[in-house]
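So you can see what is in the structure, the chains are spelled out below.
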Amino acid sequence: MALLVALIVLPVVFAGWLWFHIDSAVHRIDAFPDYPGRPEATAGANWLVVGSDSREGLDPETAEGLHVGDADGQRTDTILVAHLPDNSTTPTLISIPRDSRVPVPGQGRTMINEAFAVGGPKLLAQTVEQATGLRIDHYAEIGFGGFSGLVDAVGGVEMCLEQEMHDVKTGQTLQAGCQTLNGPDALTFVRMRYSDATPRSDLDRVANQRKFIGALASEASSISTLINPFRAYALADEGAGALTMLDSDGPGDLLSLAWAMRGISSGGVVTTTVPVTDSTAHQWDKEKALRLFEAMETDTPLPQDLIVN
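Source: prediction; values computed, not measured. (Residues numbered from 1 in each chain as written. Predicted model: local features only at pLDDT ≥ 70, side-chain atom pairs only at ≥ 80, totals over all residues. Heavy atoms only, no water.)

A. Summary view of the environment of His 138. Examined against the element boundaries, His 138 turns out to sit in strand β7 (residues 138-142). With 115 residues separating them along the chain, His 138 and Asp 253 place their C-alpha atoms 8.2 Å apart. The contact partners of His 138, leaving out residues within four places of it in the chain, are Ala 45, Asn 46, Trp 47, Leu 48, Leu 246, Asp 249 and Asp 253. Among the polar contacts listed, one links the side chain of His 138 to the side chain of Asp 249, at a separation of 2.6 Å. (Helix = DSSP H or I, 4+ residues; strand = E, 2+ residues; numbered from the N terminus. Contact = heavy atoms within 4.5 Å. Polar contact = N/O pair within 3.5 Å; in protein donor to acceptor, adjacent residues only side chain to side chain.)

This is how it looks when you write it as C-alpha cells:
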C-alpha cells in the first residue's frame, strides 16, 4: 500500500516542484508599454517568439563551438508570431523575415531587425503590433546558447534533409538524409541561408526554422521525454534558464504554446511567412498581408493562397 501511495504521490510532487522551478528560473522583462493607438485585444492569443543572436553568457570557446562569431550587441535571427485561437480554428505560426522594411517608431522605415537592436523586446513588440494590427499578448525569447542547450536537453532532434547543406559563409556542412541534430548542428540548420540548399536565402531559412520548432516541440512532448525524470528535469532546467518572458507570463502559458506547436510536424499547425513581393523579403505584399492578419485577428482559417513554405 505504501509503495502504491509513493508511486502516485512522488510524480505529483516532482511535477509541482518542476513547475515552481521553471517559474522561478525564467528570465523576466517588464510588460509591454501602452502607447496611443495600440491594437485592442481580440480573439485568441498572440505570442511574439524571438530568437536572439546575442552571445551574452557565451565564453569564447563555447561561441567557437557553436560557430556564431563574436558580434557585439543583439539582433533577431528569428521573429515569429504564433496565434492560438479561442475556437476550433487551427493554430497559426508565421515568420516575419528579419530584413522586412517596416516603420519602426523613432527610426523611420527600416529593417524590422533594427527595432530589437535599438529598443529590445518593447520596441520590437510595438513595431510588430503596428505593422500587423495584432496585439501581442505573450513574449518568449531565446539566445544562441540557450537554444543549443535546449536541443541537447531532449537528446537531439531528428531531421531529414533532402540534400547536403553547406554554408559558404561559415563553412559548416550538414549531410543529406535523416539524422539526429545536436545543439550546435541544430543552430547551424536554423541559421543557414548561404547555401545551395537555401536558394531563397532568408525565405528558406525561416521555413526551416518552423520545421525545426515543430520537431523540437514534438520531441519535448514525447512520452520518452515526459516519463524520464532526468530528461524532463534537464529540459525544464535548460529551457527555463534560457528563456526570457513577460512578468505576467507563467509556466502554464508556455506549456500552452509548446503543446500547440507540437502539431507543426503533423500538420496540426498552419505555418507560413508574411507574404512578400520578391525573394529579398524587403517588402510585404500589402493586400495579402492584410488578409493574413485579419484572419488571425478574427480566429478564421487562413486562405490557402497565403500559405507558403
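B. Highlighting the packing of aromatic side chains. According to the stated counting rule, one finds four aromatic pairs in the structure shown. Relative to Phe 212, the ring of Phe 189 lies with its centre 6.2 Å away and its plane at 50°, an arrangement referred to as tilted. Of the two residues, Phe 189 is situated in helix α5 (residues 183-191) and Phe 212 in helix α6 (residues 202-220); the sequence distance between them amounts to 23 residues. With a relative accessible area of 2%, Phe 189 lands in the buried category. Directly above the ring of Trp 259 sits Arg 262, whose terminal nitrogen or CZ lies 3.7 Å from the centroid. (Phe/Tyr/Trp six-rings, centres within 6.5 Å; stacked < 30°, edge-to-face > 60°. Buried < 20%, exposed > 50% of the residue type's maximum accessible area, 1.4 Å probe, protein only. Lys NZ or Arg CZ within 6 Å of the ring centre and 35° of its normal.)

C. Structural detail: unusual backbone geometry. Residue Ser 201 is not a glycine yet carries a positive backbone phi of 55°. Residue placement: Ser 201 occurs in the loop between α5 and α6. The phi torsion at Ala 281 lies on the positive side, around 60°, for a residue other than glycine. Ala 281 sits in the buried class, given a relative accessible area of 1%.

D. How the structure looks around the nonpolar core. The biggest cluster of nonpolar side chains holds 40 residues, and the ones touching the most others in it are Phe 147, Val 157, Met 159, Phe 189, Phe 212 and Met 261. Residues within four places of Met 159 in sequence aside, it is in contact with Gly 177, Cys 178, Gln 179, Leu 181, Phe 189, Lys 211, Phe 212 and Ala 215. Val 81, Val 102, Leu 134 and Leu 246 belong to the second largest nonpolar core, which has 30 residues in total. (Core = buried A, V, L, I, M, F, W, Y, C linked by side-chain atoms within 4.5 Å.)

E. Up close: helix α4 (residues 144-153). The element α4 is largely enclosed, with a buried count of eight among its ten residues. What α4 keeps buried is the set Phe 144, Gly 146, Phe 147, Ser 148, Gly 149, Leu 150, Val 151 and Ala 153. Phi for Gly 155, located one or two positions after α4, is positive at around 85°.

F. Spatial organisation of the state of the cysteines. Following the criterion strictly, the structure yields one disulfide and no others. Note on cysteine connectivity: Cys 160 is disulfide-linked to Cys 178, with sulfurs 2.0 Å apart. One quick way to see it: the torsion about the S-S bond of Cys 160 and Cys 178 is about 105°, and its sign makes the bridge right-handed. Residue Cys 160 is found in strand β8 (residues 157-161), and its partner Cys 178 is found in strand β11 (residues 177-181); the two are separated by 18 residues along the sequence. Among the residues examined, Cys 178 registers a relative accessible area of 54% and is labelled exposed. (Disulfide = S-S within 2.5 Å.)

G. Structural view of the environment of Asp 86. Relative to the assigned elements, Asp 86 resides in the loop between β3 (76-84) and β4 (92-95). Taking the relative accessible area as the measure of exposure, Asp 86 reaches 64% and is therefore exposed. Taking the C-alpha atoms as reference, Asp 86 lies 9.9 Å from Thr 42; in sequence the two are 44 residues apart. Ignoring any residue separated from it by four or fewer positions in sequence, one finds Asp 86 in contact with Ala 43, Gly 44 and Asp 299. In this structure the side chain of Asp 86 is engaged in a polar contact, spanning 2.8 Å, whose partner is the backbone nitrogen of Gly 44.

H. Focus on the layout of surface pockets. For the second largest pocket, the calculated volume is near 400 Å³. Forming the walls of the second largest pocket are 17 residues, and the residues nearest its centre are Cys 160, Glu 162, Phe 189, Asn 208 and Lys 211. When contributions to the lining of the second largest pocket are tallied by element, the ones reaching two or more residues are β8 and α6. In terms of residue count, α6 provides more of the lining of the second largest pocket than any other element does, five residues in total. Along the lines of polarity and charge, the residues of the lining of the second largest pocket split into nine nonpolar, four polar and four charged. (1 Å grid on protein atoms, 1.4 Å probe; cavity = no way out; pocket = protein on both sides within 12 Å on 5 of 7 lines; lining within 4 Å. Points joined across faces, edges and corners; volume = space filled by probe spheres on them. Nonpolar A, V, L, I, M, F, W, Y, C, P; charged D, E, K, R; others polar.)

I. Spatial organisation of the pattern of salt bridges. According to the stated counting rule, one finds twelve salt bridges in the structure shown. When the shortest N-O distance is used, the salt bridge between Asp 30 and Lys 122 registers 4.0 Å. One end of the pair, Asp 30, is in the loop between β1 (27-29) and β2 (45-52); the other, Lys 122, is in helix α3 (residues 113-132), with 92 residues separating them in the sequence. Here Asp 305 makes a salt bridge to Arg 291, at a shortest N to O gap of 2.6 Å. (Salt bridge = Lys/Arg side-chain N within 4 Å of Asp/Glu carboxyl O.)

So far we have only geometry, and geometry alone does not tell us how the molecule works.
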